[in-house]
Amino acid sequence: MATVVTVTSGKGGVGKTTSSAAIAAGLAQAGHRTVVIDFDVGLRNLDLIMGVERRVVFDFVNVISGEATLNQALIQDKRLENLSILAASQTKDKDALTEEGVGQVLEQLAEMGFEYIVCDSPAGIERGATMALHFADHAVIVTNPEVSSVRDSDRILGILQSKSKRAKEGGKVHEHLLITRYDPARVDNGEMLSKEDVCDILAVKLIGVIPESKAVLKASNTGVPVILDDDADAGLAYGDAVARFLGEDRPMRFVTPKKQGLFSRILGGGD
Amino acid sequence: MALFGLFSGRKKTSAAAAKERLQILISHERQNRHGPDFLPDLQRDILAVVKKYVAVRDDHVSIRLDRAGDASVLELNVTLPEN
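Residues numbered from 1 in each chain as written. Chains lettered and ligands numbered in written order. Predicted model: local features only at pLDDT ≥ 70, side-chain atom pairs only at ≥ 80, totals over all residues. Heavy atoms only, no water.

Draft legend 1. Structural context of the overall build of chain A. In terms of regular secondary structure, chain A is built from 13 helices and eight strands. The C-alpha atoms of chain A give a radius of gyration of 18 Å, which matches the 18 Å a tight globule of 271 residues would have. Across the 271 residues of chain A, 54% fall into the buried class. Of all intrachain contacts in chain A linking residues separated by at least 6 positions in sequence, the fraction that spans at least 24 positions is 73%. Per element, the accessible surface of chain A, about 12,300 Å² overall, is 49% carbon and sulfur. Across chain A, the mean location of the 30 positive side-chain charges is 2 Å away from that of the 38 negative side-chain charges. (Helix = DSSP H or I, 4+ residues; strand = E, 2+ residues; numbered from the N terminus. Rg over C-alpha atoms; globule rule 2.2 N^0.38 Å. Buried < 20%, exposed > 50% of the residue type's maximum accessible area, 1.4 Å probe, protein only. Contact = heavy atoms within 4.5 Å. Areas by Shrake-Rupley, 256 points an atom, 1.4 Å probe, with all protein chains shown as cover. Lys, Arg positive; Asp, Glu negative; His and termini not counted. Charge placed at Lys NZ, Arg CZ, Asp CG, Glu CD.)

Written as structure tokens, this is what we have:
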């Protein structure tokens, strides 16, 4: 039985694809056979974040419509042997994602022995997003500590609790809150919602807090999931989040302001 | 910063304002989220039944669901024509 983990947020630009890439790579690093699927038909980007953009021949929609087999469309990651990527179509209409078609692909992936299927949901609440949500066993809600992102996350929670397959069958999708672009110094100054505030409002269990970090842009520039960057606070924070997802108990790191040394204060550097 | 806050007369921070606004908004949106899926259909069916006996206009039937504590109240309002 494969576990479907959907990474979602409602609002765009909060870090869904970055998080999907990091979580999928983290699960693979932990020894689990993992596939990550881009559900953003028409605007694919996961391939770029994973650094496989030049290796995409067939995509998710090709597989659903029978133009290619899953084996032809899956891209094997070159860094992690446990990890495969299924790109979204760049051209096809998003209506190509049918419930039946998506369900069959997920089933086939499970039969191939994948333990985790990470679904990178597009922004919004249109077809691609609802399809990614529909089959979720677990949902990682990516939220920035900012009003519109929190509100949209709550909308997505509502959809998960009423429209997902699990909900319709009388069950429940496991919900996890992942706060990204967190700036502890601004939280301390009362300029940014704290992680406790966001948890209070959304009433979802916190799985990780990813600090605002220059490493995220660097990772996307080079097409390497940020979790593979051991020197970056954001990478380590994703590592913690994946470990918690797998049941480990880890304290939150990078949630208090960095103490600036005398040197960096004088020189005005420091990230 | 906490010390500074003491002297500046505990001005409400923008983060506190954000939290308050979100809590009000989200509790309101959550109330509307549950249940009303069937309300438009229910309204249409009730209207059809009423119309069998009395000539009423479509906008003269209103229906709403209120939640107070653990009880839900379904409120139906039909404005009958004067004659």
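Picking up after the structure, the text goes on.
Draft legend 2. Examining the nonpolar core more closely. All names here are of chain A. Residues Leu83 and Leu178 are the most contacted members of the largest nonpolar core, which totals 39 residues. At seven residues, helix H1 (residues 16-29) tops the list of elements feeding residues into this core. Contact partners of Leu83, with chain neighbours within four places excluded, come to Ala24, Ala25, Ala28, Thr34, Val36, Met50, Ile75, Gln76 and Asp77. (Core = buried A, V, L, I, M, F, W, Y, C linked by side-chain atoms within 4.5 Å.)

Draft legend 3. Examining the sheet that holds strand E2 (residues 34-38) of chain A more closely. Residues and elements named next belong to chain A. What the eight strands build is an open sheet, ordered E3-E4-E2-E5-E1-E6-E7-E8; its pairing is mixed. Because the sheet does not close on itself, it has two edges, and the strands there are strand E3 (75-76) and strand E8 (206-211). Where E2 lies against strand E4 (residues 83-86), four bridges are found, and the strand directions are parallel. Directly across from Val36, in E4, lies its bridge partner Ile85. Running over the sheet, helix H12 (residues 233-245) touches strand E1 (3-8), strand E5 (116-120), strand E6 (138-143), strand E7 (174-182) and E8 and is turned about 175° from E8. (Pairing = 2+ DSSP bridges. Axes fitted to C-alpha atoms, helices over the stretch in contact; angles between N-to-C directions.)

Draft legend 4. Inspection of the pairing of E7 of chain A at higher detail. Residues and elements named next belong to chain A. When you tally the buried positions in E7, you get seven out of nine residues, the bulk of the element. Two elements, E6 and E7, share six bridges in a ladder whose sense is parallel. Its bridge partner being in E7, Ile141 is matched across the sheet by Leu177. Summarising the sheet, E7 and E8 pair through four bridges and their orientation is parallel. Paired with Leu177 across the strands is Leu206, a residue of E8.

Draft legend 5. Representation of the packing of aromatic side chains in the model. Residues and elements named next belong to chain A. One pass over the structure, following the stated rule, counts two aromatic pairs over all chains. Measuring from ring centre to ring centre gives 5.1 Å for Phe39 and Phe60, while their planes differ by 70°; the resulting arrangement is edge-to-face. Remark: Phe60 occurs in helix H3 (residues 60-64) and Phe39 occurs in the loop between E2 and helix H2 (46-50); sequence separation between them is 21 residues. Using a relative accessible area of 0% as the deciding quantity, one classes Phe60 as buried. Ring geometry for Tyr116 against Phe245: centres 6.0 Å apart, planes inclined by 65°, an arrangement best described as edge-to-face. Here Tyr116 is found in strand E5, whereas its partner Phe245 is found in helix H12, with 129 residues between them in sequence. Judged by relative accessible area, Tyr116 falls into the buried class, the value being 13%. A relative accessible area of 15% places Phe245 in the buried class. The lysine or arginine in question, Arg33, covers the ring of Phe114, its NZ or CZ lying 4.3 Å from the ring centre. (Phe/Tyr/Trp six-rings, centres within 6.5 Å; stacked < 30°, edge-to-face > 60°. Lys NZ or Arg CZ within 6 Å of the ring centre and 35° of its normal.)

Draft legend 6. Broad picture of the interface of chain A and chain B. Taken together, the contact between chain A and chain B spans 18 residues of the former and 14 residues of the latter. Taking both sides of the interface into account, the surface hidden between chain A and chain B amounts to around 1,400 Å²; carbon and sulfur atoms contribute 57%. For the chain A face of the interface with chain B, the top three residues by lost area are Arg151, Asp154 and Ile201 of chain A, together amounting to 37%. Viewed at the interface, chain B and chain A are joined by four salt bridges. With a shortest N-O distance of 3.0 Å, Lys19 of chain B and Asp200 of chain A are connected by a salt bridge. Elements with a contribution of two residues or more to the side of chain A that touches chain B: helix H7 (147-163) and helix H10 (195-202) of chain A. Counting residues per element, the side of chain A that touches chain B draws most heavily on H7 of chain A, at eight residues. Looking at the side of chain A that touches chain B, its residues break down into six nonpolar, four polar and eight charged. (Buried area = accessible area lost by both parts, 1.4 Å probe. Salt bridge = Lys/Arg side-chain N within 4 Å of Asp/Glu carboxyl O. Nonpolar A, V, L, I, M, F, W, Y, C, P; charged D, E, K, R; others polar.)

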